[in-house]
Amino acid sequence: VPGGSVTVALSGNGVDPGALTMSPTTGDFGMIGTGQVSSDLTFTVLNSGDVTSRPLASSLAGTDAAAFAVGSDGCSGATLAPGASCAVAVHFSPTALGMRAATLTVAGTPGGGAVAALSGSGVTPASIGFSPTPYDFSVVDAGSDSAAQTFTLTNGGDIATGAIGTTVAGDSTQFTVVSDGCNGVTLPPGGTCDVVVEFSPQSYGHFGLTLGATATP
């Protein structure tokens, strides 16, 4: 046959395409006071396929996406070789009360998209106040002690306080803190602690003291 014949041997390897997975796939920030910022949650993206991904892009989506923010992003713009990973850290900063939800997506082609569901609740921040306030010990003889008065500190918020620090300012030598059950403690929602004070004037005159307490949150 004029021309003869020719054959070409063809071969190839089928591999798994770039396949992105997210861990964890959910992130619950719990209850965070409005106007406050949660700690970051870190989400790790792994390329479990056999080929390198294209450059990745991270995004937050959903009706409540504005309540969440990316704190650090080691994925956007990165390419992941097979078995390689990157991480995205997200925090929750609610501005209103109520449950909030969004999604974190890290996507690349090839590789598809890896998704984590985010959730958290905006609640009333920890809020502390003393009672009674103000208080007048009235007239006490110099060199004597008044009856002890208990001042109760209450957390009126929906989350626990941080460690409480108590302070006194003013004519502190004319008053005596008999006991302090608040300094260094944390108060749960609705929790209370007491500071007991006496007026112990050392001389004649009008004296004043400010009893304070701080906590973060």
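Preceding this paragraph is the structure being described.
Let us look at the structure shown here. (Residues numbered from 1 in each chain as written. Predicted model: local features only at pLDDT ≥ 70, side-chain atom pairs only at ≥ 80, totals over all residues. Heavy atoms only, no water.)

**With respect to the sheet that holds strand β6 (residues 85-92)**
Right, on to step 1. The antiparallel open sheet is built from four strands, whose spatial order is β1-β3-β6-β5. One side of each edge strand has no neighbouring strand; the edge strands of this open sheet are β1 (20-23) and β5 (68-73). Across this sheet, the average inter-strand angle for adjacent strands is 30°, counted without regard to direction.
Right, on to step 2. Bridge count between β5 and β6: five bridges; the pairing is antiparallel. Note on β6: the bridge partner recorded for Ser72 is Ala89. (Pairing = 2+ DSSP bridges. Helix = DSSP H or I, 4+ residues; strand = E, 2+ residues; numbered from the N terminus. Axes fitted to C-alpha atoms, helices over the stretch in contact; angles between N-to-C directions.)

**Some thoughts on the state of the cysteines**
Right, on to step 1. One pass over the structure, following the stated rule, counts two disulfides.
Right, on to step 2. The disulfide bridge from Cys75 ends at Cys86, spanning 2.0 Å between sulfur atoms. Measuring handedness by torsion sign, the sulfur bridge of Cys75 and Cys86 sits at about 105° and is right-handed. In this pair, Cys75 is assigned in the loop between β5 and β6 and Cys86 in strand β6, connecting sequence segments 11 residues apart. Summarising the burial analysis for this pair, Cys75 and Cys86 share the class buried.
Right, on to step 3. Through a disulfide, Cys182 is tied to Cys193; the S-S separation comes to 2.1 Å. Classification of the bridge connecting Cys182 and Cys193 rests on its S-S torsion, roughly 110°, and on that basis the disulfide is right-handed. Remark: Cys193 occurs in strand β13 (residues 192-199) and Cys182 occurs in the loop between β12 (175-180) and β13; sequence separation between them is 11 residues.
Right, on to step 4. Judged by its relative accessible area of 6%, Cys193 is buried.
Right, on to step 5. Sequential numbering of the bridged cysteines in the chain gives the disulfide pattern 1-2, 3-4. (Disulfide = S-S within 2.5 Å. Buried < 20%, exposed > 50% of the residue type's maximum accessible area, 1.4 Å probe, protein only.)

**Considering the layout of surface pockets**
Right, on to step 1. What the largest pocket holds in volume is close to 530 Å³.
Right, on to step 2. The wall of the largest pocket is formed by 26 residues, among which Tyr135, Phe137, Phe175, Phe207 and Leu209 lie closest to the centre.
Right, on to step 3. Sorting the residues of the lining of the largest pocket by element identifies β13 and β14 (209-214) as the ones contributing at least two each.
Right, on to step 4. A per-element tally of the lining of the largest pocket places β14 first, with three residues.
Right, on to step 5. A per-class count over the lining of the largest pocket returns 17 nonpolar, seven polar and two charged. (1 Å grid on protein atoms, 1.4 Å probe; cavity = no way out; pocket = protein on both sides within 12 Å on 5 of 7 lines; lining within 4 Å. Points joined across faces, edges and corners; volume = space filled by probe spheres on them. Nonpolar A, V, L, I, M, F, W, Y, C, P; charged D, E, K, R; others polar.)

**Description of the packing of aromatic side chains**
Right, on to step 1. In total, this model carries nine aromatic pairs according to the counting rule given.
Right, on to step 2. When the centroid spacing of 4.9 Å and the interplanar angle of 25° are considered together, the rings of Phe68 and Phe92 count as stacked. Placement of the pair is Phe68 in strand β5 and Phe92 in strand β6, with a sequence separation of 24 residues. Comparing Phe68 with Phe92, the two get one shared label, buried.
Right, on to step 3. When the centroid spacing of 6.1 Å and the interplanar angle of 40° are considered together, the rings of Phe137 and Phe199 count as tilted. Taken together, the residues span a long stretch of sequence, with Phe137 in the loop between β9 (128-131) and β10 (149-155) and Phe199 in strand β13 at a distance of 62 residues.
Right, on to step 4. Using a relative accessible area of 15% as the deciding quantity, one classes Phe137 as buried. (Phe/Tyr/Trp six-rings, centres within 6.5 Å; stacked < 30°, edge-to-face > 60°.)

**Quick notes on the environment of Ser179**
Right, on to step 1. Relative to the helices and strands, Ser179 is located in strand β12.
Right, on to step 2. Ser179 sits in the partly exposed class, given a relative accessible area of 34%.

**So, the sheet that holds strand β2 (residues 26-33)**
Right, on to step 1. The strand order β2-β8-β7-β4 describes an open sheet built from four strands, whose pairing is mixed. Edge positions in the open sheet fall to β2 and β4 (57-61), since each of these has one partner strand only. Across the sheet, the mean angle separating the axes of adjacent strands is 20° when strand polarity is ignored.
Right, on to step 2. When β4 meets strand β7 (residues 98-108), the two strands line up antiparallel, connected through five bridges. Each bridged residue has a counterpart across the sheet, and for Ser58 the counterpart in β7 is Val106.

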